[in-house]
Amino acid sequence: AEAGAELERRRDLTDPARRLLTCQVLGGQVPVLQATPLPAAALPPLSLVQFWHSAEPPPEVCAVMDSWVRHHPGLTLARFDAASARDFILAQHGQKSAMAYDTLHNPALQANMLRLCYLAVHGGLWVDADERCLRPMDPVLALLGRFGLIAPFSDELPYYVHNYMLAAPPGSPVMAALMEAQMRVLREALRGGQGLQNWVSNGPGLVTRVAARLPGQVALLAPAYWRSFAGDADDLPYKQDEQADWRSAPYAPSSS
């Protein structure tokens, strides 16, 4: 019951943030990118950050992940699995953060935590393993000097910020705020034995809540513009298996 109450409380905070973000977008307070010119100069050094929970992704998943490598030869690949993600979090954020990671009971929560932990330190381009790259994102990445975060937003009202693609420069104050908010949620859950929900706790719900607080520092990709760079790889076999599909990940660990 307590875990359910905590989930509802965070959903209550997310819903007002979605409404506020919608007003900010419609009022022109949040930059919405619908087309950007090709960069005139080389991009600054950045990492392409990817995650799959096991050390060997299925071949069809690896092909999707490699599509980003192929279209972005100038980016340094940083690919993690569940174990190496923990190693990174321990090395960069300390024992308490690693302990919080240990409580995450599904790959979706682990991926959510890693992307914020990595981008808060190094910046870079994060893309989920089920997004297939169609063309280079250089025009967007060239704008990272102007914004603390670039991400797609929804085509449904009220708007929310997707986290399947996040781009940030090193030392971004937006990413620092996201990291702080995430750790607050995870510490509260760790202390109280509360359940975590992928979307609300440290997924798009969290990103939306922070973005609504920092509208001038966040730029959003219009849905059609984002989809000119990437397609949803909904044909991946694991998505046909409810037990394997991260979208069906449970709210709480199994008691069995």
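Please refer to the structure higher up on the page.
Computed from a predicted structure; not experimentally measured.

Parameters and conventions
- Residues numbered from 1 in each chain as written.
- Predicted model: local features only at pLDDT ≥ 70, side-chain atom pairs only at ≥ 80, totals over all residues.
- Heavy atoms only, no water.
- Axes fitted to C-alpha atoms, helices over the stretch in contact; angles between N-to-C directions.
- Helix = DSSP H or I, 4+ residues; strand = E, 2+ residues; numbered from the N terminus.
- Parallel < 35°, antiparallel > 145°, perpendicular 65-115°, else oblique.
- Left-handed = near helix turned anticlockwise from the far one by under 90°.
- Contact = heavy atoms within 4.5 Å.
- Nonpolar A, V, L, I, M, F, W, Y, C, P; charged D, E, K, R; others polar.
- Salt bridge = Lys/Arg side-chain N within 4 Å of Asp/Glu carboxyl O.
- Buried < 20%, exposed > 50% of the residue type's maximum accessible area, 1.4 Å probe, protein only.

(A) Broad picture of the packing of helix 3 (residues 82-93) against helix 5 (residues 107-122). Helix 5 packs onto helix 3 with a crossing angle of 40° between their chain directions and a minimal axis gap of 10 Å. If you check the angle between helix 3 and helix 5, you find them oblique. Of the two possible hands of crossing, helix 3 and helix 5 adopt the one that is left-handed. In this structure, helix 3 uses Ala 82, Ala 85, Phe 88, Ile 89, Gln 92 and His 93 to contact helix 5, whose residues at the interface are Gln 110, Met 113, Leu 114, Cys 117, Tyr 118, Val 121 and His 122. Looking at the contact of helix 3 with helix 5, its residues break down into nine nonpolar, four polar and no charged.

(B) Layout of the pattern of salt bridges. As enumerated under the stated definition, the model contains six salt bridges in all. For Asp 102, the salt bridge is made with Arg 86, and the minimal N-O distance between the two is 2.7 Å. Residue Asp 102 is located in helix 4 (residues 95-102), and its partner Arg 86 is located in helix 3; the two are separated by 16 residues in the primary sequence. Overall, the relative accessible area of 46% leaves Asp 102 in the partly exposed class. Classification of Arg 86 as partly exposed rests on a relative accessible area of 22%. A salt bridge links Asp 128 to Arg 115; the nearest nitrogen and oxygen atoms lie 3.1 Å apart. Pair noted here: Asp 128 is in the loop between strand 4 (124-127) and strand 5 (131-133) and Arg 115 is in helix 5, with a separation of 13 residues, a long-range link. By the burial criterion, Asp 128 is buried, and Arg 115 matches it.

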